[in-house]
Amino acid sequence: TQKKYLIGLIIFSAVLSMIYAQYREKYSYKCDDCNVIIVSITNLRADHVGVYGYERNTTPNIDNFAKKSLIFENTFSQASWSLPSGISIFTSLYPSTHGVMNRNPEVKLSSDITSLVDILKQSGYTTTAFTGGFDYSRRYNLINRFDYSKIAQISEFQMFGYGSLNETTKLA
């Protein structure tokens, strides 16, 4: 019976290898000409964006960009505010795991934690970030992992109000 089991396992492995070889190219996720663009906008409700069904024309540029993009329709934030949820987006970790849960000066993402930026760079992508700073500043050890980054020079008044979007979009 052990001999039959071994022969069966060898045949199964051979069949599985042939199936994998046949479909490997067809279902390959490698795309040499693809770009990865992540748009993260603080305090924007999905139910007020056209691509997600809002009837008023409030986001025409995002809606146009979305026509040729992969859209996620069912996502969940890992925190109620930008800093920990932003770090979670780029690390796939809960805030309690990556540890960036407040703005204390000693808090930053550990260099031992791999981020999406690190993986993209290792895969040959050139990485760039355009940000308004504050929760996406270099001090939290995420933005400084990008090959290039531009952080808008925003006054403290603008940082806590509504004025940074204009400065950030000028950078891009």
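All values derive from a computational prediction rather than experimental measurement.

### A few points about the nonpolar core
In terms of nonpolar packing, the biggest core is built from 15 residues, with I87, V100, L109, L142, I143 and F146 touching the most fellow members. Ranked by residues supplied to this core, first place goes to helix α3 (residues 82-91) with 3 residues. When near neighbours in sequence (up to four residues on either side) are disregarded, I87 contacts H98, V100, L109 and L142.

### So, the side chain of D135
Looking at the secondary structure, you find D135 in the loop between β1 (128-131) and β2 (148-151). On the basis of relative accessibility, which here comes to 9%, the residue D135 falls in the buried class. In this structure the side chain of D135 is engaged in a polar contact, spanning 3.5 Å, whose partner is the backbone nitrogen of L83. Polar contacts involving the side chain of D135 include one to the side chain of R103, which spans 2.7 Å. Once residues lying within four places of it in the same chain are set aside, the contact partners of D135 are W81, S82, L83, R103 and Y140.

### Digging into a nonpolar patch on the surface
Taken together, the side chains of I37, V39, I41, L44, V51, Y52, I62 and F65 make up a nonpolar region of the molecular surface, amounting to roughly 680 Å² of accessible area. Here L44 lies in the loop between α1 (2-23) and α2 (60-66).

### Some points on unusual backbone geometry
With a phi angle near 60°, S92 is a residue other than glycine that sits in the positive phi range. Within the element layout of this structure, S92 appears in the loop between α3 and α4 (95-98). One non-glycine residue, N141, lies in the positive phi region at around 65°. With respect to the helices and strands, N141 occurs in the loop between β1 and β2. Overall, N141 belongs to the buried group, its relative accessible area being 10%.

### Considerations on the confidence of the model for the protein chain
Looking at the protein chain as a whole, the pLDDT averages 81, with 76% of positions reaching at least 70. Confidence scores differ between elements of the protein chain, with helix α6 (residues 156-159) showing the lowest mean pLDDT of 50 and α4 the highest of 96. Considering only residues more than four positions removed or in separate chains, one finds that residues 160-165, a stretch of pLDDT under 50, has 3 contacts.

### Comments concerning α3
Counting buried positions along α3 yields 9 of 10 residues, so the element is predominantly enclosed. The set of residues buried in α3 consists of S82, L83, P84, S85, G86, I87, S88, F90 and T91. Contact partners of the buried residues in α3: α4 and α5 (116-122). S92 lies just past α3 and shows a positive phi near 60°.

### Some words on the pattern of salt bridges
Applying the stated criterion across every chain, the model contains 4 salt bridges. When the shortest N-O distance is used, the salt bridge between R145 and D118 registers 2.7 Å. Remark: D118 occurs in helix α5 and R145 occurs in the loop between β1 and β2; sequence separation between them is 27 residues. Here R145 matches D118 in class, with each residue buried. Where D147 meets K121, a salt bridge forms, and the shortest distance between an N and an O atom there is 3.5 Å. Taken as a pair, D147 in the loop between β1 and β2 and K121 in helix α5 lie far apart in primary sequence, 26 residues in all.

Scoring rules and cut-offs
- All residue numbers here refer to positions counted from 1 along the written sequence of the relevant chain.
- Residue-level local features of this predicted model are given only where pLDDT is at least 70; pairs of side-chain atoms are given and counted only at 80 or more, and the full residue set underlies all totals for whole chains, interfaces and linings.
- Hydrogens and water are ignored here; the side-chain numbers use all heavy atoms of the structure.
- For the purposes of this section, nonpolar cores are sets of buried Ala, Val, Leu, Ile, Met, Phe, Trp, Tyr and Cys residues that join through side-chain atoms within 4.5 Å.
- Only protein chains enter the area calculation, which uses a 1.4 Å probe; residues under 20% of their type maximum are buried, those over 50% are exposed, and those in between are partly exposed.
- Put simply, DSSP H or I for four residues or longer makes a helix, DSSP E for two residues or longer makes a strand, and each gets a number counted from the N terminus.
- Only heavy atoms enter the contact rule, under which two residues are in contact if any of them lie within 4.5 Å.
- As used in this structure description, the phrase polar contact means that two N or O atoms lie within 3.5 Å; if the pair is within protein, one of them must be able to donate a hydrogen and the other to accept it, and residues adjacent in sequence are counted only when both atoms belong to side chains.
- Surface patches are drawn from residues lacking salt bridges whose relative accessible area is over 30%; two like charges belong together within 9 Å, two nonpolar side chains (Val, Leu, Ile, Met, Phe, Trp, Tyr) within 5 Å.
- To measure how exposed things are, a 1.4 Å probe is used in the Shrake-Rupley method; for residues, cover is taken only from the protein chains shown.
- For salt bridges, the criterion is a side-chain nitrogen of Lys or Arg within 4 Å of an Asp or Glu carboxyl oxygen.
- As a per-residue measure, pLDDT reflects the predictor's confidence and takes values from 0 up to 100.

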